[in-house]
Amino acid sequence: MATAREVKLRIRSVKSIAQITRALQAVSASKVQRAIATVEASRPYATKAWEVLTHVAMQPGREHMHPLMTRRDEVKNVLVALITSDRGLAGPYNTNVLRFMFKKFDNYPVPVHYVTIGRKGREILHRRGKHIVADFSGIPDRPKFADVSQIGHLLVEEFLSGKADEIYLVYTDFVNMLRQNPTMKKLLPLEVEEDTRVQDFSPAAGHKAVASYIYEPDETEILNQIVPRFTQLQVFHAVLESQASEHAARMVAMKNATDNATELADALQLEYNKARQQSITSEMLDIAGGAEALAQAMAAEARKAAQAAQQSQ
Amino acid sequence: MPIHCEIVSQDRMVWSGEADMVVVPGASGEMGILANHAPLLSTLKPGIIKVVRDGQEDYYTVTGGVVEVRPDKVTILADASEHVTEIDERRAEEARKRAEELLKKTPPSTAEHLAAQAALQRARIRLDAVRRFRPKSGPQIQSGAPEDKG
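Residues numbered from 1 in each chain as written. Chains lettered and ligands numbered in written order. Predicted model: local features only at pLDDT ≥ 70, side-chain atom pairs only at ≥ 80, totals over all residues. Heavy atoms only, no water.

Caption draft 1: Quick look at the overall build of chain B. Summing up its helical and strand segments, chain B has 2 helices and 10 strands in all. For chain B, the proportion of its 150 residues judged to be buried stands at 52%. If you take every contact in chain B between residues at least 6 apart in sequence, the share linking residues at least 24 apart comes to 55%. (Helix = DSSP H or I, 4+ residues; strand = E, 2+ residues; numbered from the N terminus. Buried < 20%, exposed > 50% of the residue type's maximum accessible area, 1.4 Å probe, protein only. Contact = heavy atoms within 4.5 Å.)

Caption draft 2: How the structure looks around the overall build of chain A. A tally of helices and strands in chain A yields 7 helices and 6 strands. Helices (α) and strands (β) of chain A occur, in sequence order from the N terminus, as α-α-β-α-β-α-β-α-β-β-α-β-α. A compact globule built from 313 residues should have a C-alpha radius of gyration of about 20 Å, whereas chain A, at 35 Å, is more than 25% larger. The 313 residues of chain A split such that 40% are buried. (Rg over C-alpha atoms; globule rule 2.2 N^0.38 Å.)

Caption draft 3: The domain arrangement of chain B, seen in detail. Residues and elements named next belong to chain B. Here chain B is described as being made up of domain 1 (3–84) and domain 2 (87–133). Taken over C-alpha atoms, the centre of domain 1 sits 23 Å from the centre of domain 2. Across the boundary between the two partners, domain 1 contributes 9 residues, which contact 9 residues of domain 2. With both sides pooled, the region where domain 1 packs onto domain 2 buries about 850 Å², and carbon together with sulfur makes up 73% of that total. Where domain 1 meets domain 2, there are 1 salt bridge. With a closest N to O distance of 3.1 Å, Glu82 and Arg126 form a salt bridge. Where domain 1 meets domain 2, there are 2 residue pairs in polar contact (both at pLDDT 80 or more). (Domains from an automatic or database assignment. Buried area = accessible area lost by both parts, 1.4 Å probe. Salt bridge = Lys/Arg side-chain N within 4 Å of Asp/Glu carboxyl O. Polar contact = N/O pair within 3.5 Å; in protein donor to acceptor, adjacent residues only side chain to side chain.)

Caption draft 4: Region of interest: the sheet that holds strand E4 (residues 166–176) of chain A. Residue and element names in this part refer to chain A. Taken together, the 5 strands give an open sheet; going across it, the order is E3-E2-E1-E4-E5, and neighbouring strands pair in mixed fashion. One side of each edge strand has no neighbouring strand; the edge strands of this open sheet are strand E3 (132–135) and strand E5 (179–188). Neighbour-to-neighbour, the strand axes of the sheet open up by a mean angle of 20°, direction not taken into account. Pairing of E4 with E5 involves 9 bridges; the strand directions are antiparallel. Note on E5: the bridge partner recorded for Asp173 is Asn181. This element, helix H5 (residues 145–160), spans strand E1 (78–83), strand E2 (112–117), E3, E4 and E5 of the sheet and lies at about 45° to E5. Of the strands in this sheet, E1, E4 and E5 are in contact with helix H7 (residues 219–312), which crosses E4 at around 40°. (Pairing = 2+ DSSP bridges. Axes fitted to C-alpha atoms, helices over the stretch in contact; angles between N-to-C directions.)

Caption draft 5: Molecular detail of empty space enclosed by the protein. Residues and elements named next belong to chain A. Considering all chains together, one arrives at 1 cavity of 30 Å³ or more under this definition. Empty space within the largest cavity amounts to approximately 60 Å³. Around the largest cavity, the lining residues are Lys31, Arg34, Ala35, Thr38, Asp141, Arg142, Pro143, Leu240, Gln243 and His247. Residue assignment for the lining of the largest cavity shows that the elements contributing at least two residues are helix H1 (4–41) and H7. When residues of the lining of the largest cavity are assigned to their parent elements, the largest contribution, 4 residues, is made by H1. Taken together, the residues that form the lining of the largest cavity break down as 3 nonpolar, 3 polar and 4 charged. (1 Å grid on protein atoms, 1.4 Å probe; cavity = no way out; pocket = protein on both sides within 12 Å on 5 of 7 lines; lining within 4 Å. Points joined across faces, edges and corners; volume = space filled by probe spheres on them. Nonpolar A, V, L, I, M, F, W, Y, C, P; charged D, E, K, R; others polar.)

Okay, structure coming up:
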């Protein structure tokens, strides 16, 4: 049994841990909100760009598709952009997305190359001896589009140069505070399906029989403008979603840690009280026992003295 | 008759509202867009967007992008866009100097050289916009100021 003093020291350290984790929890909570707000702010552009993109790409009589939208018949190399966090203490966040990715790509039929965004993912891939083409760790906490656009730029280059025939984005989709799903998205070639959104596209509600657009300078030039930016925007979105997920996961992990620490502190407090009470009790027993022994000794002494007095009479 | 106008960049909605006329730097020249314009898609050159409403003029810089015109709506997908009152003149001036120095140092037609050229052009547009169109006095932000959600 630990002494009361030792227990007291442990209580103090557990309580200070709880204080730190509680602070981290609060910080993460506010960061989640900010990341979500940034995703929302970039949505108008994404929606609009997608509309224009599908519209132009679906034009009847387009002779050739834009290179970034052309599916290659033979896929020889695959590039995976993996988004993880730079820092730990985020509960199962990194483990989940990594496990998800390894399940998809560990036994892939063609060579897989990686671009890592986030230190944790880079370390794991490096340890496993995977081929990392580029690494973009240290994305700031409140990323601007410019902080992320170079990633999209690199991916587009890799695709156009033929070093990769398909590019996937693996990241964590933020559902809510308690749910974050590892997700995979095909980034390139950009696939424009005959989407429901296409039907919404008409130059104005009420203006039926869509007059065809005037293009300046031409469709290809417009696609050249939009497609790479749309790709960059998708990467930007994924980074923001991942950051929101990271902070949410960290918040939950820190909440659990705070709860556990509080619980532990309570249990230790009980133990401390017990130990303290026990030491008091044993002290009391000592004193009582000592007093008893003293009383007995004195009584015996007194008896002896009385006997001696009787004999001498 | 007003036309609805939206200026969006990748990270925020720069401005949205009604306008009487929107002038954009199109790929093949400046275009003034009024209501009931024919449907049009055009790329944008770096330059200045002018929004006219109720006789007032508002200016935004744009570094490139795409404009989509429908009879009742103009949407500008900007690579980057700022209202003239948002521009930090000192920073733009610094950016211009930096770009000019870089331009001298780098050999022509390398990637760095082209990037520096683009940066110089951006800085010049911003400086130009500030010097020509910044309201001289009174409130810096007018009623037509962008909603900054960033």
